[in-house]
Amino acid sequence: MTTDTRDTQCINTLRTLAIDAVEKAHSGHPGAPMALAPVAYQLWQQELRYDPAQPIWPNRDRFILSNGHASMLLYGLLHLAGVKRVTRDYRVEEVPAISMEDLQKFRQLDSVTPGHPEYRWTSGVETTTGPLGQGVSNSVGMAIASRWLAGYFNRPGFTLFDYDVWALCGDGDLMEGVASEAASIAGHLQLPNLCWIYDANRISIDGSTDLAFTEDVGRRFEAYGWRVLRVADANNLEELGQAYRTFKEQRGKPTLIIVTSRIGYGAPKKEGTASAHGEPLGAEELKGAKRNYGWPEDSQFLVPDGVRERFQERMGARGKQLREAWEKSLAEYRKAHPALADQLERLQRREAPEGWDAELPSFPADAKGVATRESSGKVLNALAKHHPFLVGGSADLNPSTKTYLSLSGPMKPGEHSGRNIHFGVREHAMGSIVNGLSLSKLRGYGATFLIFSDYERPAIRLSAIMEVPSIHIFTHDSIGLGEDGPTHQPVEQLSGLRSIPGLIVLRPADANEVTEAWRVIARQKHHPVALVLTRQAVPTLDRTKYAPASGLAKGAYVLADSEGAPEVVLIGTGSEVSLCLAAYDQLKAEGVKARVVSMPSWELFEQQDEAYKDSVLPPSVSARVAVEQAAAFGWERWVGLRGSVVGMRTFGASAPLKNLLQKFGFTVDNVVKVAKETIAKARK
Ligand SMILES: Cc1ncc(C[n+]2csc(CCOP(=O)(O)OP(=O)(O)O)c2C)c(N)n1
Ligand SMILES: [Mg+2]
């Protein structure tokens, strides 16, 4: 058998596996895998530096399927390449990541072959894709990480990091705004190791791209500062190979390869129709397609002899050799640079370097106090000294978010070792890029105003789905920001963030809770965090008078208490905790027994055992008042049906802070009044 026919056979195996899996599942998209099989095949076989036997080898090339609806293409590749399974604690097992049986359970409950590729669910899947535009945007973070890791770890004679990042994408990806944001910053940074392969089939779900997408994508990317290459026929392996090689040889900027393809290639029905997109082919069309590929019509999940071997001979052999050479080099590196080698190992396990908390500050009591964004900036900088893998920045708000690391410089075009990333005004891509950093095991962070978490939300949600510890920092966290007014004052954002499963939302009350918050953040391996901070000063509480800030780690804790059982529990978060304390003093003076609970994190509190939760919020006390400058939505969970919420029920207003507090009821008098009413109601 000639080389060519063996390659063709491999490609047709990828196609027919996709057809059969979609047919069996009665759902899924066969068209894209059919058309893109040669594109991915040529890349994997000729270029991808990847060892199927060690799928988490740190210097492997990353392959991202951004058009996640073509998931069967990736599953077929992982299966045929013999990629091994990796456990949740990073052990490689002698079991395939995707077995033949798994392929046959495509889109079924608990299978490793879900509808769209899911990171941490299926070994070999580098990021979760499906929401179009996300995968390509993650790829920018991964490419940054490759360059940053090279800057940090590589030493003369030791190239530990130089991996490339390849992302396959479609019209849908490139229509999405987030991909444009990400491409724009990738072009600016001149990332030399990033290659997007664009399936320009001129069709999406509604039909031809003539309906809604007619710009010149190539010229757009050239304007972003990318190199644009073209492949006229997705079936021409030679041409594809040439484009991949050009990317690797020319460098200097990111590369977009525009590949002309026809969706559902090989299906006998009129190609390029929408039906080839989102549906199984159906019995007749399926037989016809198989005939076209030279497959027995009635075959099912057929993998001809020699196909798996072909993957081993090329990608497998190349990957093994590269990975073994890397490991040998690492062994030498360990002798020459033991401390760095140790850090590298910890990094792979998502462990913070030893001594990361050596210089975390504690803050003296101060009635005037400091904004939590300010104290967070101090803590972040102290943490960054001993935690070299904190890398991030803000969406053009450094002077406001206080997230600049003074010990390092900015990341610059062509020079990527700075720890400060200027994301520009691109919140959505910032979130996706931070996820790309997290997927590369760096502790990526991105900061903006809380109101613009809405602009970033799809990426925040994906960090939670993927269980990666991205750090999402939000300042200007309430109407308390004042004069900027309703468009800038978050109201419903906190409840929205709290509704994301797995996301830890932290709203510290003062500078010392901020330090404790960063302690919690530094320890996370699988939970993303939203750190929510004030613009305005809040008092630094006197911890000789009140409980220690370390209570933050439990999500909620009793800050001030009554003698004997309280009549009312005031629950505050962030800037409203000191308001609760002032109300507490007044209630006490009037002979009312009150307790104040600081509740910086619902999620951490929920993780505590019942006994602890009951000790903070005694079931016998139904007079509970939550005080938070945000939508009241959801607080019933903690105050119960007989409790009250001093919260927001409308949007805010543009005015100086003290007028806003008056207008919306965030005053000592109002909290005292509501507390008394709630006690009276509870007695009824
Ligand atoms: C953000 C987002 N919006 C909508 C969808 C639903 N969707 C899935 S595939 C698709 C069309 C994609 O077109 P294209 O990228 O050209 O892929 P092709 O049809 O060529 O395979 C759409 C709209 C999605 N997955 N993500
Ligand atoms: Mg398309």
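If you're wondering where the values come from, they're calculated on a predicted model, not measured in any experiment.

**Here we look at the nonpolar core**
- In terms of nonpolar packing, the biggest core is built from 63 residues, with V140 and W196 touching the most fellow members.
- At ten residues, the largest contribution of residues to this core is made by helix 5 (residues 134–153).
- Residues from two domains meet in this core; each of domain 1 (5–263 + 299–323) and domain 2 (366–539) gives at least three.
- Here V140 is in contact with A182, I185, A186, L191, L194, W196 and I433, once residues within four sequence places are set aside.
- Counting residues in hydrophobic clusters, the runner-up holds 54 residues, among them L541, A556, V627 and V645.

**Some thoughts on the domain arrangement of the chain**
- The domains assigned to the chain are domain 1 (5–263 + 299–323), domain 2 (366–539) and domain 3 (554–683).
- Relative placement of domain 2 and domain 3: their C-alpha centres are 26 Å apart.
- Overall, the association of domain 2 and domain 3 removes approximately 2,300 Å² of surface from exposure, summing both partners, and the carbon and sulfur fraction of that is 58%.
- Its largest share of buried area at the contact with domain 3, domain 2 owes to I479, R498 and R507, together 29% of the area lost on that side.
- Put simply, domain 2 and domain 3 have 16 residue pairs in polar contact (both at pLDDT 80 or more) between them.

**Quick word on the pairing of strand 16 (residues 529–532)**
- Taking every second residue as pointing to the same face, both faces of strand 16 are buried, with V529 and L531 on one and A530 and V532 on the other.
- Inspection of the sheet shows strand 14 (residues 471–475) paired to strand 16 by four bridges, in the parallel sense. In the sheet register, I473 faces strand 16, and the bridge partner there is L531.
- Where strand 15 (residues 504–506) and strand 16 come together, three bridges link them in parallel fashion. Considered in strand 16, the bridge of L506 is made with L531.

**Side note on helix 16 (residues 427–439)**
- When the terminal C-alpha atoms of helix 16 are compared, their 18 Å separation across 13 residues agrees well with the 18 Å that a helix rising 1.5 Å per residue should span.
- Burial within helix 16 is extensive, with 13 of its 13 residues counted as buried.
- At the C-terminal side of helix 16, K441 shows a positive phi close to 75 degrees.

**Some points on the pattern of salt bridges**
- One pass over the structure, following the stated rule, counts 42 salt bridges.
- A salt bridge links R346 to E354; the nearest nitrogen and oxygen atoms lie 3.1 Å apart.
- Its relative accessible area of 17% is what places R346 among the buried residues.
- Across the pair K676 and E590 runs a salt bridge whose closest N-O atoms are separated by 2.4 Å. One end of the pair, K676, is in helix 25 (residues 668–683); the other, E590, is in the loop between helix 20 (576–589) and strand 20 (594–598), with 86 residues separating them in the sequence.
- The exposure class of K676 is partly exposed, given its relative accessible area of 35%.

**Examining the sheet that holds strand 9 (residues 255–260)**
- The five strands lie next to each other as 1-4-5-9-8, forming an open sheet whose pairing is parallel. Only two strands of the sheet have a single partner each, and these edge strands are strand 1 (62–65) and strand 8 (227–231). Mean inter-strand twist for the sheet, computed between neighbouring axes without regard to direction, equals 20 degrees.
- Taken together, the six bridges between strand 4 (residues 165–170) and strand 5 (residues 194–200) define a ladder with parallel strand orientation. Residue pairing in the sheet places G170 in a bridge with D199 of strand 5.
- Relative to strand 1, helix 3 (residues 71–80) is tilted by about 145 degrees, and along the sheet it contacts strand 1 and strand 4.
- Helix 9 (residues 237–250) rests against strand 4, strand 5, strand 8 and strand 9 of the sheet, and its axis sits at about 165 degrees to strand 8.

Thresholds, definitions, all that
- Residues numbered from 1 in each chain as written.
- Chains lettered and ligands numbered in written order.
- Predicted model: local features only at pLDDT ≥ 70, side-chain atom pairs only at ≥ 80, totals over all residues.
- Heavy atoms only, no water.
- Core = buried A, V, L, I, M, F, W, Y, C linked by side-chain atoms within 4.5 Å.
- Buried < 20%, exposed > 50% of the residue type's maximum accessible area, 1.4 Å probe, protein only.
- Helix = DSSP H or I, 4+ residues; strand = E, 2+ residues; numbered from the N terminus.
- Domains from an automatic or database assignment.
- Contact = heavy atoms within 4.5 Å.
- Buried area = accessible area lost by both parts, 1.4 Å probe.
- Polar contact = N/O pair within 3.5 Å; in protein donor to acceptor, adjacent residues only side chain to side chain.
- Pairing = 2+ DSSP bridges.
- Expected span 1.5 Å × (residues − 1).
- Salt bridge = Lys/Arg side-chain N within 4 Å of Asp/Glu carboxyl O.
- Axes fitted to C-alpha atoms, helices over the stretch in contact; angles between N-to-C directions.

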